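A closer look at the structure
Here's the letter readout for the chains.
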Amino acid sequence: TSEGRPTRPRPCWWARRLINGPPPAPPEGDPAAAGPPGGAGPGPAPPADLPAPGPVWDDSRDPNETPIDVAGVPPYAVTTASGLASHVLRTGTGMVHPESTTSVTVNYAGWTLDGNLFDSSWQRGQPATFPLNRVIAGWTEGVQLMVAGEIRRFWIPADLAYGNEVAGNRPSGMLVFDVELISL
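Overview of the structure. (Residues numbered from 1 in each chain as written. Predicted model: local features only at pLDDT ≥ 70, side-chain atom pairs only at ≥ 80, totals over all residues. Heavy atoms only, no water.)

Some thoughts on a nonpolar patch on the surface
Taken together, the side chains of M95, V96 and L184 make up a nonpolar region of the molecular surface, amounting to roughly 350 Å² of accessible area. Looking at the secondary structure, you find V96 in the loop between β2 (85-90) and β3 (103-112). Judged by relative accessible area, which is 53%, V96 ranks as exposed. (Patch = residues over 30% accessible without salt bridge, like charges linked within 9 Å, V, L, I, M, F, W, Y side chains within 5 Å. Areas by Shrake-Rupley, 256 points an atom, 1.4 Å probe, with all protein chains shown as cover. Salt bridge = Lys/Arg side-chain N within 4 Å of Asp/Glu carboxyl O. Helix = DSSP H or I, 4+ residues; strand = E, 2+ residues; numbered from the N terminus. Buried < 20%, exposed > 50% of the residue type's maximum accessible area, 1.4 Å probe, protein only.)

Below is the structure:
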């Protein structure tokens, strides 16, 4: 402790990278640009297979605008055993995860892999409220990973969505959703 106050542990290198992003490059011609003698940096080097951090939520961006990573699951997404992939765009402030029968209030936008926006509560100007056991399986599984205030992008495979066959107005194939969990 310092002056009677407990000290907080310093986050490890990968947590600092997630929080702060990659460190800035030193100015060109700076002797520090070559790094320390022997090429060894402070502490252990990050693993070579560490994915680059993905996008973060930008409040100034139109939430109905097609994301640049809509065409397929990017390397920074985390994939569950079922094949559902997701990436946190904004961390939430809540502490509780919904259960499969919890009624949730969300904002969302959904796209097909070719970038076609097919549904959006943001576009309608009104959040949607529903129990998680009354939506596609990818939503039921995915929203349970979230806490209130979080925004997450999901890549939902066809078998967790509406399938691969076009039926009525429902989209087919893998679908991409940005979901904001407002409350549960």
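Next comes the rest of the account.
Here's the deal with the pairing of strand β6 (residues 151-156)
Buried residues dominate β6, accounting for six of its six residues. Side chains I151, R153 and W155 of β6 all project onto a buried face; the interleaved residues R152, F154 and I156 project onto the opposite face, where all are buried too. Relative to β6, β2 is paired through five bridges, and the arrangement is antiparallel. For R90, the partnering residue across the bridge sits in β6 and is I151. Both β6 and strand β7 (residues 175-183) contribute to a ladder of six bridges, which runs antiparallel. Across the sheet, residue I151 finds its bridge partner in β7, namely E180. (Pairing = 2+ DSSP bridges.)

Quick word on the pattern of salt bridges
Scanning the model with the defined rule gives five salt bridges in all. For E150, the salt bridge identified is with R152, shortest N-O distance 2.7 Å. For E150, a relative accessible area of 5% gives the class buried. The residue D178 makes a salt bridge to R153 at a minimum N-O spacing of 2.6 Å. A residue pair is termed long-range when its members are at least 10 positions apart, and D178 in strand β7 and R153 in strand β6 qualify at 25 residues. A single burial state applies to D178 and to R153, both of which are buried. A network of salt bridges, in which partner residues are shared, links D69, R153 and D178.

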